[in-house]
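Structural features, examined
Here are the chains, one letter per residue:
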Amino acid sequence: MKKKITIAIDGYSSTGKSTIAKQLAKQLGYIYVDTGAMYRAVTLYAMQQKFIDATHFDVNSLIADLDNISLKFIYNAKKGFAEMYLNGKNVEQEIRGMEVSKLVSKIATISEVRKKLVAQQQLIGKGKGVVMDGRDIGTVVFKDAELKLFMTASPEKRAFRRYKELLERGDNVDYEEILKNVQYRDHIDSTRKDSPLTKAKDAIDFDNSNMRLEEQFERIYNLAMEIIAKK
Ligand code: DC
């Protein structure tokens with residue numbers, strides 16, 4: 001039996017990282033971890049506790065309360081992926097909405113939050129056989145991942161993908177607002193002090209602005225298989 005590897009998929013928001021990562025994990029029989037869901041769940045918690053809203057952010061109260069946040073991924077066989085549970089409650093739907101999207105980048109700047117989530121991510125991926133997507137997987141969480149990808153696409157393409165996704169789930173959405181949110185998050189994610197979004201030196205650039213999903217998947221799957229074959 002071939003040894004399992006670690007696959008790190010980083011990149012800008014709405015580049016389709018999770019779609020590819022999910023498919024790849026399924027095909028390889030690996031665990032898929034959507035680390036963005038973890039930052040989103042902490043954001044939802046901070047909103048529920050009134051630590052954060054559009055105009056204020058009580059960072060210290062959030063930090064003091066971090067030990068009361070329990071995050072778990074539980075596999076949903078019908079959907080074919082693991083859903084996010086915050087303190088025992090399935091929050092998969094709630095964390096995907098615009099309210100959370102607007103605030104999550106702020107939460108992700110807090111080092112104490114990052115420390116907690118990175119430790120949990122490293123624990124989940126410790127045995128390898130994992131496909132993890134996020135912003136700092138190849139640069140911080142698994143610096144020694146055997147395959148690292150850095151996904152990009154134009155902000156307009158990404159905003160349009162997100163717009164379609166939210167429309168499909170029945171949300172009342174505005175394309176311009178989503179485009180602004182995508183650009184805002186790009187800015188915060190790549191300029192924050194702790195673990196900013198950057199391409200790891202040994203990551204492969206992957207611009208999928210004009211690439212169909214099947215083509216993307218095939219290329220990435222082949223890359224993974226080449227590495228696995230050498231193990
Ligand atoms: O992948 P996503 O759009 O669901 O991520 C939500 C936010 O979480 C994103 O704006 C940046 C942050 N994030 C992060 O800082 N580090 C990660 N590993 C994953 C997400």
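Up top you'll find the structure we're talking about.
This write-up is about the structure you can find in this document. These numbers come from a predicted model, not from an experiment. (Residues numbered from 1 in each chain as written. Predicted model: local features only at pLDDT ≥ 70, side-chain atom pairs only at ≥ 80, totals over all residues. Heavy atoms only, no water.)

Topic: the packing of helix H2 (residues 35–48) against helix H5 (residues 111–124)
Across the interface, H2 lies against H5 with an axial gap of 11 Å and an inter-helix angle of 140°. Here H2 is positioned oblique relative to H5, judged by the angle of their axes. The element H2 and its partner H5 pack so that their crossing is right-handed. Residues Thr35, Met38, Tyr39 and Val42 of H2 form the contact with H5, whose participating residues are Val113, Arg114, Leu117, Val118, Gln120 and Gln121. Of the residues assigned to the contact of H2 with H5, the class counts are six nonpolar, three polar and one charged. (Axes fitted to C-alpha atoms, helices over the stretch in contact; angles between N-to-C directions. Helix = DSSP H or I, 4+ residues; strand = E, 2+ residues; numbered from the N terminus. Parallel < 35°, antiparallel > 145°, perpendicular 65-115°, else oblique. Left-handed = near helix turned anticlockwise from the far one by under 90°. Contact = heavy atoms within 4.5 Å. Nonpolar A, V, L, I, M, F, W, Y, C, P; charged D, E, K, R; others polar.)

A look at the site of the ligand
Taken together, 15 residues form the shell around the ligand, and within it Arg40, Arg114, Asp136, Arg185 and Arg192 come nearest. Asp136 is positioned such that a nitrogen or oxygen atom in its side chain is 2.8 Å from a nitrogen atom of the ligand. Mapped onto the shell around the ligand, the elements with two or more residues apiece are H2, helix H4 (98–107) and helix H8 (175–191). Per-element tally for the shell around the ligand: the top contributor is H2, with four residues. A breakdown of the residues in the shell around the ligand according to their chemical character gives three nonpolar, five polar and seven charged. (Near = heavy atom within 4 Å. Polar contact = N/O pair within 3.5 Å; in protein donor to acceptor, adjacent residues only side chain to side chain.)

Points about the nonpolar core
The biggest cluster of nonpolar side chains holds 35 residues, and the ones touching the most others in it are Val42, Leu62, Ile69, Leu71, Met84 and Val113. Taken together, the elements giving at least two residues each to this core come down to H2, strand E4 (81–86), H4, H5, strand E6 (130–134) and helix H6 (137–141). Among the elements that make up this core, the one with the highest residue count is H2 (eight residues). Dropping the residues within four chain positions of it, Met84 is found in contact with Ala37, Met38, Ala41, Leu71, Lys72, Phe73, Lys89, Asn90, Val91, Glu92 and Ile95. (Core = buried A, V, L, I, M, F, W, Y, C linked by side-chain atoms within 4.5 Å. Buried < 20%, exposed > 50% of the residue type's maximum accessible area, 1.4 Å probe, protein only.)

What about the pattern of salt bridges?
Taken as a whole and judged by the stated rule, the model has 16 salt bridges. The partner of Glu83 in a salt bridge is Lys79, with the nearest N and O atoms 2.9 Å apart. Through salt bridges with shared partners, a single ionic network connects Asp34, Glu92 and Arg96. (Salt bridge = Lys/Arg side-chain N within 4 Å of Asp/Glu carboxyl O.)

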